[in-house]
Amino acid sequence: NETFFGVCHILATYNDTFIHVTDITGRETYIRVTGGMKVKADREESSPYAAMLAAMDVVNRLKELKVNALHIKIRARGGTDSKTPGPGAQVALRTLCLLYT
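Every value quoted in this text rests on a predicted model; they were computed, and no experiment measured them.

Definitions and limits used
Residues numbered from 1 in each chain as written. Predicted model: local features only at pLDDT ≥ 70, side-chain atom pairs only at ≥ 80, totals over all residues. Heavy atoms only, no water. Core = buried A, V, L, I, M, F, W, Y, C linked by side-chain atoms within 4.5 Å. Buried < 20%, exposed > 50% of the residue type's maximum accessible area, 1.4 Å probe, protein only. Helix = DSSP H or I, 4+ residues; strand = E, 2+ residues; numbered from the N terminus. Contact = heavy atoms within 4.5 Å. Patch = residues over 30% accessible without salt bridge, like charges linked within 9 Å, V, L, I, M, F, W, Y side chains within 5 Å. Areas by Shrake-Rupley, 256 points an atom, 1.4 Å probe, with all protein chains shown as cover. Salt bridge = Lys/Arg side-chain N within 4 Å of Asp/Glu carboxyl O.

### Re the nonpolar core
Core analysis: the largest hydrophobic core is formed by 17 residues, its most contacted members being Cys8, Ile10, Ile19, Val21, Val58, Leu62 and Leu96. Secondary structure elements with two or more residues in this core: strand 1 (5-12), strand 2 (17-22), strand 3 (29-34), helix 1 (48-64) and helix 2 (88-100). The biggest single contributor to this core is helix 1, with 6 residues. Apart from residues no more than four positions distant in its own chain, Val21 is found in contact with Val7, Cys8, Glu28, Thr29, Tyr30, Ile31, Val58, Leu62 and Leu70.

Listed below in structure tokens is the structure:
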């Protein structure tokens, strides 16, 4: 029953939501999914529904890889752009927490 950690980087902008999971050092990528990969229309890329679908894919892949603990980092675009995360951040976090336990 060894604990196997991953780091989940969530970048939530007002145009898209990116979920990128790496190992603890950040060198190896386990899975990288965006909201735009899950929906057809461009206007829905940043929607909470697209973020939920992306997070569900992430959970399924991490269960296959036997990753049983996650550090989650959420960020927005930052810099001269918006400092607040987009609409998909909260839903992605909630989906990861609900399905990963």
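### Some points on a nonpolar patch on the surface
Taken together, the side chains of Met56, Leu98 and Leu99 present a nonpolar region at the surface, about 270 Å² in accessible area. Note that Leu99 resides in helix 2. Judged by relative accessible area, Leu99 falls into the partly exposed class, the value being 36%.

Limitation: the analysis is restricted to geometry and does not speak to function.
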